[in-house]
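A structural walkthrough
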Amino acid sequence: MRILHTSDWHLGRAFHRVNMLGAQTEFIGHLVRCVREREVDAVVVAGDVYDRAVPPLAAVELFDDALHRLAELGVPTVMISGNHDSARRLGVGAGLIGRAGIHLRTDASACGTPVVLADVHGDVAFYGLPYLEPALVKDEFGADKPSHEAVLAAAMDRVRADLATRAGSTRSVVLAHAFVTGGESSDSERDISVGGVASVPAGVFDGVDYVALGHLHGSQVVTGRVRYSGSPLAYSFSETAHRKSMWLVDLGADGSVEAERVDCPVPRPLARIRGELEDLLADPELARYEDAWVEATLTDPVRPADPMARLSERFPHTLALVFAPERSPEDPDVSYAGRLAGRDDRQIAEDFVAHVRGAGPDEREQAVLQDAFDAVRADEAVREGRR
């Protein structure tokens, strides 16, 4: 069975101030052509179809168009909700849409009930594990604690239990939206850490033939059977080095996996340039970036006049400007943003405690801070789902 694995469309998202709807429309067209021309048997979309719980109308219309075009091809599609989606909204009409061969899996309680497709070698069971917010689903799964590993492990127990009732020749595919240990993150993914832990071990998914992952925006191989497709478009300059693609997976009669990367259209290349303003404007080596979307980091010791206007004369698609004079970390003029770079919310809070009282929080206080952050994030997930 030939499977096309994609994820993280983030319909409705912009790239800095650039509306990406046109590029997203081009991607959907590319996806449909690939399905037709490469004789794909099934499409899997591993979450984050939309960029937010209540997407703009144009994004909903594009999603509707994608569903119609895939249904017209007669190729079954299995989709799950991600942490950016509203599971309840995405799942509206799932029963009716399923009759057209578009299978939306957004209900955590149904993760052990597969979509069963068949080829000449027999059945392939597709299990959809939507994004599982630990605080919201731990009771559903009887998890001993609200952690990503606990709830995913419990969900996979249901998958393996169902698979055990099927013919031994049945092959299996799991769709999941999670941060698996060994994956490489980027700046454009929303933090999903609970208790300070965001990732789960790949061993959670043992016992199935292929795991189609979503959440991380870089295409990557965790193991031969566990892969991220990555997002089809770049959504931050941290993705400058990414090769945006989908996985074309051939699932053999014995459950063997052969995978090929299919490149996605690139609306405009990305570039990160760094240096003093006059050097950036004069360096002939930077000519190759004049048509790219550019993030420029200026290292001038004193902020130059009109830097964005001057940069835009040479690099008309400059979208981001960072001022980072080259100083030692001990320099009192190092920016607050620079001191916070790479630190998560809990670390920033702990630093604040250390700053105001002269000593950082002890283990008990660290646990209190972490519980507070987890509670806020869980509450935000509940409120977003009700909007």
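About the cut-offs
Residues numbered from 1 in each chain as written. Predicted model: local features only at pLDDT ≥ 70, side-chain atom pairs only at ≥ 80, totals over all residues. Heavy atoms only, no water. Phe/Tyr/Trp six-rings, centres within 6.5 Å; stacked < 30°, edge-to-face > 60°. Helix = DSSP H or I, 4+ residues; strand = E, 2+ residues; numbered from the N terminus. Buried < 20%, exposed > 50% of the residue type's maximum accessible area, 1.4 Å probe, protein only. Lys NZ or Arg CZ within 6 Å of the ring centre and 35° of its normal. Core = buried A, V, L, I, M, F, W, Y, C linked by side-chain atoms within 4.5 Å. Contact = heavy atoms within 4.5 Å. Axes fitted to C-alpha atoms, helices over the stretch in contact; angles between N-to-C directions. Parallel < 35°, antiparallel > 145°, perpendicular 65-115°, else oblique. Nonpolar A, V, L, I, M, F, W, Y, C, P; charged D, E, K, R; others polar. Salt bridge = Lys/Arg side-chain N within 4 Å of Asp/Glu carboxyl O. Pairing = 2+ DSSP bridges.

Comments concerning the packing of aromatic side chains
Applying the stated criterion across every chain yields a total of four aromatic pairs. Taken together, a centroid distance of 5.1 Å and an interplanar angle of 55 degrees make the contact between Phe15 and Phe237 tilted. You can see Phe15 sitting in strand E2 (residues 14–15) and its partner Phe237 sitting in the loop between strand E14 (226–228) and strand E15 (245–251), a full 222 residues away along the chain. Here Phe15 and Phe237 have matching classes, each one buried. Pairing Phe15 with Trp293 gives two aromatic rings, centres 5.4 Å apart and planes at 40 degrees, and the pair type is tilted. With a gap of 278 residues between them, Phe15 in strand E2 and Trp293 in strand E18 (residues 293–298) connect regions that are remote in the sequence. Per residue, the accessibility class of Phe15 equals that of Trp293, and both read buried. One aromatic cluster in this structure is built from Phe15, Phe237 and Trp293. Above the face of the Trp247 ring, Arg261 is positioned so that its terminal group lies 6.0 Å from the ring centre.

Focus: unusual backbone geometry
With phi around 55 degrees, Asp8 is a residue other than glycine that occupies positive phi space. With respect to the helices and strands, the residue Asp8 is situated in the loop between strand E1 (2–6) and E2. Among the residues examined, Asp8 registers a relative accessible area of 0% and is labelled buried. Unlike most non-glycine residues, His215 shows phi in positive territory, near 125 degrees. Considering the arrangement of structural elements, one finds His215 in the loop between strand E12 (210–214) and strand E13 (220–223). Exposure remark for His215: the relative accessible area of 4% places this residue in the buried category.

A word on the nonpolar core
A general feature of soluble globular proteins is that nonpolar side chains tend to end up buried together. Grouped together as the largest cluster of nonpolar side chains are 35 residues, with contacts concentrated most on Leu129, Val174 and Phe205. Elements represented by at least two residues in this core include exactly strand E8 (122–129), helix H5 (134–141), helix H6 (148–164), strand E9 (171–177), strand E10 (179–180), E12 and E14. A total of eight residues in this core trace back to one element, the largest contributor, which is H6. Setting aside residues up to four positions removed in sequence, Phe205 forms contacts with Leu152, Met156, Arg160, Val174, Ala176, Val180, Val211 and Leu213. Core analysis: the next-biggest nonpolar cluster, separate from the first, contains 29 residues, Leu4, Trp9, Leu62 and Leu104 among them.

Details of the packing of helix H1 (residues 21–37) against helix H2 (residues 57–73)
Packing of H1 against H2 leaves a shortest axis separation of 10 Å and a crossing angle of 10 degrees. When the axis of H1 is compared with that of H2, the two are roughly parallel. Every residue of H2 that contacts H1 at Leu21, Gln24, Thr25, Ile28, Gly29, Val32, Val35 and Arg36 is listed here: Ala58, Leu62, Ala66, Arg69, Leu70 and Leu73. In terms of residue class, the contact of H1 with H2 is built from nine nonpolar, three polar and two charged.

Side note on the pattern of salt bridges
Using the criterion set out here, one finds 17 salt bridges in the structure. Put simply, Asp209 and Arg225 hold a salt bridge, and the shortest N to O gap is 3.9 Å. Residue Asp209 is found in the loop between strand E11 (199–200) and E12, and its partner Arg225 is found in the loop between E13 and E14; the two are separated by 16 residues along the sequence. In this structure Asp209 comes out as buried when scored by relative accessible area, which is 15%. By relative accessible area, Arg225 is classed as partly exposed at 34%. Here Glu239 ties to Lys244 by a salt bridge, and the two come within 2.6 Å at their closest N and O atoms. Grouping residues by exposure puts Glu239 and Lys244 together as buried.

As for the sheet that holds strand E17 (residues 270–275)
Two orientations exist for strands paired in a sheet by backbone hydrogen bonds: parallel and antiparallel. Spatial ordering of the open sheet is given by E17-E18-E19, a layout of three strands whose pairing is parallel. Each edge of the open sheet carries a strand with a single partner, namely E17 and strand E19 (318–323). With direction set aside, neighbouring strand axes in the sheet form an average angle of 15 degrees. With five bridges joining them, E18 and E19 adopt parallel strand pairing. Across the sheet, the residue bridging to Ala296 is Leu321, located in E19. In this fold helix H8 (residues 307–314) packs onto E18 and E19, with an angle of close to 135 degrees to the strand it touches most, E19.

Notes on the environment of Ala292
By secondary structure assignment, the location of Ala292 is in the loop between helix H7 (277–282) and E18. Overall, Ala292 belongs to the buried group, its relative accessible area being 1%. Excluding residues that lie within four positions of it along the chain, Ala292 makes contacts with Arg268, Pro269, Leu270, Ala271 and His317.

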